[in-house]
Amino acid sequence: MARVVSNPLSFHRFRPCFHGSCTFNTTLSFQIRPRRFPNVLVACQTDPKLTETSTTDKVTVEPISSSDVKNEGSTSTGLPEFPNKSVNKRIAAVSLVAAVGLFLSARLDFGVSLKDLTAAALPYEEALSNGKPTVVEFYADWCEVCRELAPDVYKVEQQFKDKVNFVMLNVDNTKWEQELDEFGVEGIPHFAFLDKQGNEEGNVVGRFPRQYFLENVDALARGEADIPHARVLGQYSSTELRKVHQVVDPRSHG
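Definitions and cut-offs
Residues numbered from 1 in each chain as written. Predicted model: local features only at pLDDT ≥ 70, side-chain atom pairs only at ≥ 80, totals over all residues. Heavy atoms only, no water. Helix = DSSP H or I, 4+ residues; strand = E, 2+ residues; numbered from the N terminus. Expected span 1.5 Å × (residues − 1). Buried < 20%, exposed > 50% of the residue type's maximum accessible area, 1.4 Å probe, protein only. Arc of directions from axis to C-beta. Contact = heavy atoms within 4.5 Å. Lys, Arg positive; Asp, Glu negative; His and termini not counted. Salt bridge = Lys/Arg side-chain N within 4 Å of Asp/Glu carboxyl O. Bend = angle between axes of the 7 residues up to and from the residue. Polar contact = N/O pair within 3.5 Å; in protein donor to acceptor, adjacent residues only side chain to side chain. Pairing = 2+ DSSP bridges. Axes fitted to C-alpha atoms, helices over the stretch in contact; angles between N-to-C directions. 1 Å grid on protein atoms, 1.4 Å probe; cavity = no way out; pocket = protein on both sides within 12 Å on 5 of 7 lines; lining within 4 Å. Points joined across faces, edges and corners; volume = space filled by probe spheres on them. Nonpolar A, V, L, I, M, F, W, Y, C, P; charged D, E, K, R; others polar. Phe/Tyr/Trp six-rings, centres within 6.5 Å; stacked < 30°, edge-to-face > 60°.

A. Representation of helix H7 (residues 210-221) in the model. Its 12 residues give H7 an end-to-end C-alpha distance of 17 Å, which sits within 8% of 16 Å, the value for a rise of 1.5 Å per residue. Three or more residues of H7 are buried, namely Phe213, Asn216, Val217, Ala219 and Leu220. Projected down its long axis, H7 shows its buried positions confined to an angular sector of 155°, all on one face. Where H7 is buried, its residues meet strand E1 (134-139), helix H5 (144-160), strand E2 (165-170), strand E4 (190-194) and strand E5 (200-205). The positive-phi residue at the C-terminal boundary of H7 is Gly223, with phi of around 75°.

Written out as structure tokens, the structure reads:
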């Protein structure tokens, strides 16, 4: 019979060998096979309608540089990103210059007074004798509309002062009583437009657009027979509010 051999690892039972010699292979071999895990790929799926095959797409993550952050707002056409600090600074500078210009222009306009117009005006007698067309303004220092229109009148005077006479007559001065009746002045400011011979072609009374005054003076300067705005009546101050006084100097406009 076969003999049983004790082994610390396991007990082996041997069958009897009847054919000659028996060969036993007591060597134990262990083979460790590496375990294979399925590849897991991460994909960003934004469309829920994508099929399962879309999950096999690879995702490449690149580091973000500082230049990419600066150019993030730029488009392919080369336009700067908005808002842009340099553009905002330029816009602010232009706006500031425009605001200052408007402010100075307004200050210059409101700086012109009736006294300035009176100082630059020609004496009435001289204007009627120099062979130029004439614009006669009847005014008063207390007339609010007269003060309001002074800047517009001044601008037109500066443009046509070499071709047209500009005369200022104060209705508070009794010296001009005859002229008040002759031109039918009942409200001020009253602008009478006279041709080269001193004949009245029309008048404008009260508040009116500066364009009206400009077009009338331009027609006089070109020697036209008629002015475009011969009879215009706006808001005015009544001559019944006159503060009559006599001026000592007969050559005075006031």
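B. Fine view of the side chain of Glu179. With respect to the helices and strands, the residue Glu179 is situated in helix H6 (residues 177-182). One buried charged side chain, Glu179, makes no salt bridge at all; its nearest oppositely charged neighbour is Lys175, positioned 8.4 Å away. Aside from chain neighbours lying at most four places away, what touches Glu179 is Tyr124, Phe138 and Leu169.

C. Fine view of H5. For H5, spanning 17 residues, the distance from its first C-alpha to its last is 25 Å, which sits close to the expected 24 Å at 1.5 Å a residue. The largest bend in H5 is about 45°, located at Ala150, with the proline Pro151 one to four residues further on. Burial in H5 covers these residues: Val145, Cys146, Leu149, Ala150, Pro151, Val153, Val156, Glu157 and Phe160.

D. The arrangement of the side chain of Asp195 in detail. Following the sequence through the fold, Asp195 ends up in the loop between E4 and E5. Buried within the structure, Asp195 lacks any salt-bridge partner; Lys196 is the closest side chain of opposite charge, at an N-O distance of 9.7 Å. Looking at Asp195, its side chain comes within polar contact range of the main-chain nitrogen of Gln197, at 3.1 Å. A polar contact of 3.0 Å, which involves the side chain of Asp195, links it to the backbone nitrogen of Gly198.

E. Main features of unusual backbone geometry. Backbone torsion omega between Ile188 and Pro189 reads 0°, so that peptide bond is classified as cis. Among the structural elements, Pro189 can be located in the loop between strand E3 (187-188) and E4.

F. Representation of the sheet that holds E5 within the structure. The strand order E2-E1-E4-E5-E6 describes an open sheet built from 5 strands, whose pairing is mixed. Single-partner strands in this sheet number two, and they are E2 and strand E6 (231-233). Each neighbouring strand pair of the sheet contributes to a mean axis angle of 15°, computed without reference to strand direction. In the sheet, E5 pairs with E6 via 3 bridges, with the strands oriented parallel. Bridged to Val205 within E6 is Leu233. Against the sheet, H5 contacts E1, E2 and E4, and its axis sits at roughly 155° relative to E2. The strands touched by H7 are E1, E2, E4, E5 and E6; relative to E4, the strand with the most contacts, the crossing angle is about 20°.

G. A look at empty space enclosed by the protein. Summed over all chains, the structure comprises 1 cavity of 30 Å³ or more. In this structure, the largest cavity encloses a volume near 30 Å³. For the lining of the largest cavity, the secondary-structure elements that each account for two or more residues are E1, H5 and E2. Broken down by element, the residue count for the lining of the largest cavity peaks at 3 residues, all from E2. Taken together, the residues of the lining of the largest cavity break down into 7 nonpolar, no polar and 2 charged.

H. Structural view of the pattern of salt bridges. The tally for this structure, following the rule as stated, stands at 4 salt bridges. For Arg242, the salt bridge identified is with Glu177, shortest N-O distance 2.5 Å. Of the two residues, Arg242 is situated in the segment after strand E7 (237-238) and Glu177 in helix H6; the sequence distance between them amounts to 65 residues. Here Arg242 falls in the partly exposed class, since its relative accessible area comes to 21%. Note that Asp218 and Arg222 form a salt bridge whose closest N and O atoms lie 2.8 Å from each other. Owing to a relative accessible area of 27%, Asp218 belongs among the partly exposed residues under this scheme.

I. Representation of the packing of aromatic side chains within the structure. Applying the stated criterion across every chain, the model contains 6 aromatic pairs. Ring centres of Tyr124 and Trp176 lie 6.1 Å apart, and the angle between their planes is 80°; on these two criteria the pair is classed as edge-to-face. Pair noted here: Tyr124 is in helix H4 (residues 124-127) and Trp176 is in the loop between E2 and H6, with a separation of 52 residues, a long-range link. The exposure class assigned to Tyr124 is buried, which follows from its relative accessible area of 8%. With a relative accessible area of 3%, Trp176 lands in the buried category. Ring centres of Phe138 and Phe183 lie 5.8 Å apart, and the angle between their planes is 55°; this geometry places the pair in the tilted category. You can see Phe138 sitting in strand E1 and its partner Phe183 sitting in the loop between H6 and E3, a full 45 residues away along the chain. Of the two residues, Phe138 and Phe183, both sit in the buried class.

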